[in-house]
Amino acid sequence: MIIHVSRFYISDLSTGARPRQVYIMEVMMSYRLNELGYPYDALEPNFDEKTMHLHHDKHHAAYIDKLNSLLAENGIHAPSSLEELIAKIDTLPGSDDFRSRVRFNAGGHYNHDLFWRMISPGGASTPVGLLSDAVVQAFGGLDGLKKQVEKSALSHLGVGWTWLCAGLEKRDELFICSTSNHDNPLMVNHVQRAGYPILLLDLWEHAYYLKYNNRKTEYIEAYWRVVNWDAVSSRFKSYIENR
Ligand code: MN3
């Protein structure tokens, strides 16, 4: 919770008395770091405990702190839904630099929050139900999907994310894309093709460098072993059914 205090002066012209100072205190809504939802060592040996701690408790947390202070310093009420904030990032008052910073940190929060839920212990090892059909339709099967993700991830320049998205118009149509920094496919004015994020791969070195150093391919192989396809499939199903 962030307390935002504004100071005003009120003058009563009829009496000519000195202006009075009035303080207005507002409690600003702020974003919070969700618990990981499983033990930090639950994805060992694929994703190591130390990386999970740093990645969740330090990197992810820092994006949230920065996002909250940016919004509070500029007197902007944070919508309770992060998707709502992302949808109106380009129309926030203030400078381009401010909007870029909000976009960066809001993306940092949204993307990581989704990442922790889509990689998690247990769950199916391949897509199920509606997602399974859509994966066959778009990529010929899971191997085809993995190849496209790897190709997109390995050819991406610099930091970013690789995504499995569902279409905004044709919701059951899947596609793969990569974005820079913390942009995500919901940021319609900042991506080549907008979409609804179903699954994501963190391409920042902080996600793998401690364990895999520069061996990004090994990191991606390990990633496939920790994707929880039940979680991914159920996210896709909710998206398809909540039209
Ligand atoms: Mn990260």
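What you see is a predicted model; the values in this text were computed from it and never measured.

1. A short note on the pattern of salt bridges
Pairing between side chains of opposite charge can happen when their charged atoms approach one another.
Step number 1: Scanning the entire structure with this criterion turns up eight salt bridges.
Step number 2: A salt bridge links E218 to R215; the nearest nitrogen and oxygen atoms lie 2.9 Å apart.
Step number 3: For E218, a relative accessible area of 33% translates into the label partly exposed.
Step number 4: With a relative accessible area of 34%, R215 lands in the partly exposed category.
Step number 5: Sharing partners across several salt bridges, the network here consists of K170, E173 and R193.

2. Here we look at the side chain of T179
Step number 1: Residue placement: T179 occurs in strand β4 (residues 174–180).
Step number 2: For T179, a relative accessible area of 4% gives the class buried.
Step number 3: Separated by 2.9 Å, the side chains of T179 and W163 make a polar contact.
Step number 4: A polar contact is formed between the side chain of T179 and the backbone oxygen of D183, at a distance of 2.6 Å.
Step number 5: If we ignore the near neighbours within four places in the chain, the residues touching T179 are H156, V159, G160, W161, W163, N184 and V191.

3. Brief notes about the packing of aromatic side chains
Step number 1: For the structure on display, the rule yields 13 aromatic pairs.
Step number 2: Where F47 meets Y219, the ring centres are 5.7 Å apart and the plane angle is 20°; that geometry is what we call stacked. Here F47 is found in the loop between β2 (20–28) and α1 (49–73), whereas its partner Y219 is found in helix α7 (residues 216–226), with 172 residues between them in sequence.
Step number 3: The buried category is assigned to Y219, whose relative accessible area is 1%.
Step number 4: Measuring from ring centre to ring centre gives 4.1 Å for Y196 and Y239, while their planes differ by 0°; the resulting arrangement is stacked. In this pair, Y196 is assigned in strand β5 (residues 196–202) and Y239 in helix α8 (residues 229–241), connecting sequence segments 43 residues apart.
Step number 5: Given a relative accessible area of 15%, Y196 falls into the buried group.
Step number 6: A connected cluster of aromatic rings, assembled from ring pairs, spans F115, W116, W161, W163, Y223, W224 and W229.
Step number 7: The lysine or arginine in question, R193, covers the ring of F175, its NZ or CZ lying 3.8 Å from the ring centre.

4. Description of α7
Step number 1: Listed in full, the buried residues belonging to α7 are K216, Y219, I220, A222, Y223, W224 and V226.
Step number 2: Buried positions along α7 lie against α3 (96–118), α5 (142–155), β5, α6 (209–212) and α8.

5. Comments concerning the pairing of β4
When a strand is regular, its side chains alternate between the sheet's two faces.
Step number 1: Counting buried positions along β4 yields five of seven residues, so the element is predominantly enclosed.
Step number 2: With seven bridges connecting them, strand β3 (residues 160–166) and β4 associate as antiparallel partners. For C165, the partnering residue across the bridge sits in β4 and is F175.

6. Quick notes on the side chain of H156
Step number 1: Relative to the elements of secondary structure, H156 occurs in the loop between α5 and β3.
Step number 2: By relative accessible area, H156 is classed as buried at 15%.
Step number 3: Of note is the side chain of H156, whose polar atom sits 3.2 Å from the backbone oxygen of V159.
Step number 4: Within the structure, H156 has its side chain in polar contact with the backbone oxygen of T179 (distance 3.4 Å).

The rules behind the values
- Residues numbered from 1 in each chain as written.
- Predicted model: local features only at pLDDT ≥ 70, side-chain atom pairs only at ≥ 80, totals over all residues.
- Heavy atoms only, no water.
- Salt bridge = Lys/Arg side-chain N within 4 Å of Asp/Glu carboxyl O.
- Buried < 20%, exposed > 50% of the residue type's maximum accessible area, 1.4 Å probe, protein only.
- Helix = DSSP H or I, 4+ residues; strand = E, 2+ residues; numbered from the N terminus.
- Polar contact = N/O pair within 3.5 Å; in protein donor to acceptor, adjacent residues only side chain to side chain.
- Contact = heavy atoms within 4.5 Å.
- Phe/Tyr/Trp six-rings, centres within 6.5 Å; stacked < 30°, edge-to-face > 60°.
- Lys NZ or Arg CZ within 6 Å of the ring centre and 35° of its normal.
- Pairing = 2+ DSSP bridges.

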